[in-house]
Amino acid sequence: MSSKVLVTGAHGQLGTELTLMLKKSGYETYGFGHRELDITCLDEVRRVFQKVQPNVVCHTAAYTAVDQAESDRDGAFLVNAYGTRNVTIASEEVGAKLVSVSTDYVFNGESVGTYTEFDAPSPLGVYGQSKYAGEQFVHDFSSKFFIVRTSWVYGQYGGNFVKTMLMLAENHDELKVVNDQHGCPTYTKDLAERIIELFQTDNYGIYHISNSGSCTWYEFAKAIFEMKEIHIQVNPCTSEEFPRLAKRPHNSILEHVALRLNGFEEVRDWKSALKDFLIKTEK
């Protein structure tokens, strides 16, 4: 087992989950948030990586403000593209395997079926473009990488759609939720488990990792309220009725071809993952 793992973005939603899970699994874990490690500074990243000498780097740090990215293009590319380049270069210099977390937003959402790891990315907005640029730097500078694209992430740590819905239900009798965007909800716990499984192998490449099955945001919201037995009127609406600065892909259903072909187990379906998460949050 690779003993030393360094996590960037360690205070984020996925980074926190991953750091805790790694420690629990017996890995010597070094978690850095953006205050402890500025990934946009190559010298700083090199200095930290040389000191820690990790065997594995899990790069979860990212600029994730999708709408803000539209007016802050440089900021998004600085973190998601050049930050990723810096982490990749420093990982390669210490001989570490690299797991770089990417997104379903690298696709434009115009496909009718699912998106596989072999479909060509064509991002709609600045966020997706900057994440795809980061993926390309990983390809260019790492000889031992896993690019993990995921979608609709929620978990115990940080804000997310599930928490927002539960919060809104406290003071609304009725909600409007978008019903023309299809994707795969992903529980951070299942995602973190898969990442740890991945880096224990040398099966490098691009992986799509989300919970199995798919839904719209409206169906996702309905499932949350049904499982929590919250009685609230949820009305479907279109993306046009809920305008945002950044265009969202209408379809970002990820198919897990790489997991399947490399002999990994399929990730459990999104409804049982959601049920688990909701039970956990009650405690």
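Residues numbered from 1 in each chain as written. Predicted model: local features only at pLDDT ≥ 70, side-chain atom pairs only at ≥ 80, totals over all residues. Heavy atoms only, no water.

1. What about the layout of surface pockets?
Of the pockets and cavities examined, the second largest pocket occupies roughly 250 Å³. Surrounding the second largest pocket, 15 residues form its lining, Ser-239, Glu-240, Lys-247, Arg-248 and His-250 being those nearest its centre. Across the lining of the second largest pocket, the residue classes tally to five nonpolar, five polar and five charged. (1 Å grid on protein atoms, 1.4 Å probe; cavity = no way out; pocket = protein on both sides within 12 Å on 5 of 7 lines; lining within 4 Å. Points joined across faces, edges and corners; volume = space filled by probe spheres on them. Nonpolar A, V, L, I, M, F, W, Y, C, P; charged D, E, K, R; others polar.)

2. Describing the packing of helix H7 (residues 217-228) against helix H9 (residues 270-282)
Contact pair H7 / H9: the axes reach a minimum separation of 10 Å and the direction vectors enclose 50°. Taken together, H7 and H9 sit at an angle that is classed as oblique. You can see that H7 and H9 cross each other, and the crossing is right-handed. Residues Glu-219, Phe-220, Ala-223, Ile-224, Met-227 and Lys-228 of H7 lie in contact with H9, whose contacting residues are Trp-270, Lys-271, Leu-274, Lys-275, Leu-278 and Glu-282. For the contact of H7 with H9, the class distribution of residues is seven nonpolar, no polar and five charged. (Axes fitted to C-alpha atoms, helices over the stretch in contact; angles between N-to-C directions. Helix = DSSP H or I, 4+ residues; strand = E, 2+ residues; numbered from the N terminus. Parallel < 35°, antiparallel > 145°, perpendicular 65-115°, else oblique. Left-handed = near helix turned anticlockwise from the far one by under 90°. Contact = heavy atoms within 4.5 Å.)

3. Quick word on the packing of aromatic side chains
Ring pairs (aromatic) are described by centroid distance and by the angle formed between their planes. Applying the stated criterion across every chain, the model contains 18 aromatic pairs. Aromatic pair Tyr-82 and Phe-137: ring centres 5.4 Å apart, planes at 40°, arrangement tilted. Note that Tyr-82 is positioned in helix H3 (residues 73-93) and Phe-137 in helix H4 (residues 126-141), a separation of 55 residues in sequence. Aromatic side chains Phe-220 and Trp-270 sit 5.8 Å apart centroid to centroid with 80° between the ring planes, which places their arrangement in the edge-to-face category. Of the two residues, Phe-220 is situated in helix H7 and Trp-270 in helix H9; the sequence distance between them amounts to 50 residues. An identical accessibility class is assigned to Phe-220 and Trp-270; each is buried. (Phe/Tyr/Trp six-rings, centres within 6.5 Å; stacked < 30°, edge-to-face > 60°. Buried < 20%, exposed > 50% of the residue type's maximum accessible area, 1.4 Å probe, protein only.)

4. With respect to the pattern of salt bridges
Overall, the coordinates contain 11 salt bridges when judged by the stated rule. In this structure, the salt-bridge partner of Lys-97 is Asp-202, at a minimum N-O distance of 3.1 Å. Of this pair, Lys-97 sits in strand E4 (residues 97-103) while Asp-202 sits in the loop between helix H6 (188-199) and strand E10 (205-208), and the two are 105 residues apart along the sequence. The partner of Asp-190 in a salt bridge is Arg-268, with the nearest N and O atoms 2.8 Å apart. You can see Asp-190 sitting in helix H6 and its partner Arg-268 sitting in the loop between helix H8 (257-261) and H9, a full 78 residues away along the chain. What you see here is one network of salt bridges that share partners, running through Asp-67, Arg-244 and Arg-248. (Salt bridge = Lys/Arg side-chain N within 4 Å of Asp/Glu carboxyl O.)

5. A word on the UniProt feature "domain: RmlD-like substrate binding" (unreviewed entry) in the chain
Mapped onto this numbering, the UniProt entry gives "domain: RmlD-like substrate binding" (unreviewed entry) at residues 4-279. Helix makes up 40% of residues 4-279 and strand 18%, with an end-to-end C-alpha separation of 32 Å. (UniProt positions renumbered as here; feature names shortened; annotations may be inferred.)

6. Remarks on the packing of helix H5 (residues 161-171) against H7
In a packed pair of helices, the relevant descriptors are the angle between the two axes and the axis-to-axis distance. Running from amino to carboxyl end, H5 crosses H7 at an angle of 60°, the nearest separation of the two axes being 10 Å. Taken together, the axes of H5 and H7 lie oblique to each other. Judged by the sense of rotation from one axis to the other, the crossing of H5 with H7 is right-handed. Touching Phe-161, Val-162, Met-165, Leu-166 and Ala-169 of H5 are Trp-217, Phe-220, Ala-221, Ile-224, Phe-225 and Lys-228, all from H7. Residue composition of the contact of H5 with H7, by class: 10 nonpolar, no polar and one charged.

7. A short note on empty space enclosed by the protein
Applying the stated criterion across every chain yields a total of three cavities of 30 Å³ or more. In this model, the largest cavity occupies a volume close to 50 Å³. Looking at the largest cavity, the residues that line it are Asn-80, Thr-84, Ser-100, Val-101, Ser-102, Lys-131, Gly-134, Glu-135 and Ile-147. When grouped by side-chain class, the residues that make up the lining of the largest cavity number two nonpolar, five polar and two charged.

8. Description of the sheet that holds strand E1 (residues 4-8)
Strands sit in the order E2-E1-E3-E4-E5-E10 across an open sheet of six strands; the sheet is parallel. The sheet terminates laterally at strand E2 (28-32) and E10, the two strands that pair on one side only. Shown here is a sheet whose adjacent strand axes are inclined to one another by a mean of 20°, direction ignored. Against the sheet, helix H1 (residues 13-24) makes contact with E1, E2, strand E3 (56-59) and E4, and its axis sits at roughly 165° relative to E1, the strand it touches most. Lying on the sheet, H4 is in contact with E4, strand E5 (145-150) and E10; it crosses E4 at an angle near 160°. (Pairing = 2+ DSSP bridges.)

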